[in-house]
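The lines below spell out each chain.
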Amino acid sequence: GNISPTTLRYIKVLGEINNYCGDLTGLDIVEIGCGYGGQCKVILDTFNVKSYTLIDLNPVLSLTRRYLTSFDLDHSKIFYKTLADLDEKEYDLCISNYAFTECTKQIQREYLDKVILKSKSGYITANFINDIFNLDYYTLEELTNEINFSDFLSILEEEPKTSDKNKIIIW
């Protein structure tokens, strides 16, 4: 049958997260930059998580909500938030597929303080393309220095590569 290449990528990301973090059952998960909600859908189809918080801009969250509510999921576990809406919650797992590294350094700092540094583990597909748009952002070295609070921090090559500079940051 037909399947979206983006969905295939989300399945690949879930496989890697499962490989590094283990069973996601019962975890509080947060996703920075949720797009249409595909990563959330794949994870909720596979694991019975405690909660899944999606963070993005309001118009994107509207799209995400519309997509996810079309499926038979436990919607009481899904929370839609903007960066400004976040509370002082800690998370078991933080996920970002490119979105975090596509923000300015000021927005990245907010995400670091409110989400990433409050997450026990994480998986960030990082692209460092902001120089194309002349934006100030955290470099890979600066990010790894910030996230280096964990006993386990790993920088992997993105496979398959979608850009020469892309990395995967796991803690």
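Residues numbered from 1 in each chain as written. Predicted model: local features only at pLDDT ≥ 70, side-chain atom pairs only at ≥ 80, totals over all residues. Heavy atoms only, no water.

A.B. asks: Got a sec to walk through unusual backbone geometry? Specific residues and values, please.
C.D. replies: With an omega dihedral of -10 degrees, the bond running from Glu159 to Pro160 counts as a cis peptide bond. Of note, Pro160 is situated in the loop between β6 (154-157) and β7 (167-170). Its identity is not glycine, yet Tyr98 carries a phi of approximately 80 degrees, on the positive side. Locating Tyr98 in the fold gives a position in the loop between β4 (91-97) and α4 (105-114). (Helix = DSSP H or I, 4+ residues; strand = E, 2+ residues; numbered from the N terminus.)

A.B. asks: Which residues make up the nonpolar core, and what values do they have?
C.D. replies: Grouped together as the largest cluster of nonpolar side chains are 26 residues, with contacts concentrated most on Leu24, Ile29, Ile43, Val49, Tyr52 and Leu54. Looking at this core, the elements with two or more residues in it are α1 (5-21), α2 (38-46), β2 (51-55), α3 (58-68), β3 (78-81), β4 and β7. If we skip the residues at most four places from it in the chain, Tyr52 touches Ile29, Glu31, Gln39, Cys40, Ile43, Leu44, Lys77, Ile78, Phe79 and Ile95. (Core = buried A, V, L, I, M, F, W, Y, C linked by side-chain atoms within 4.5 Å. Buried < 20%, exposed > 50% of the residue type's maximum accessible area, 1.4 Å probe, protein only. Contact = heavy atoms within 4.5 Å.)

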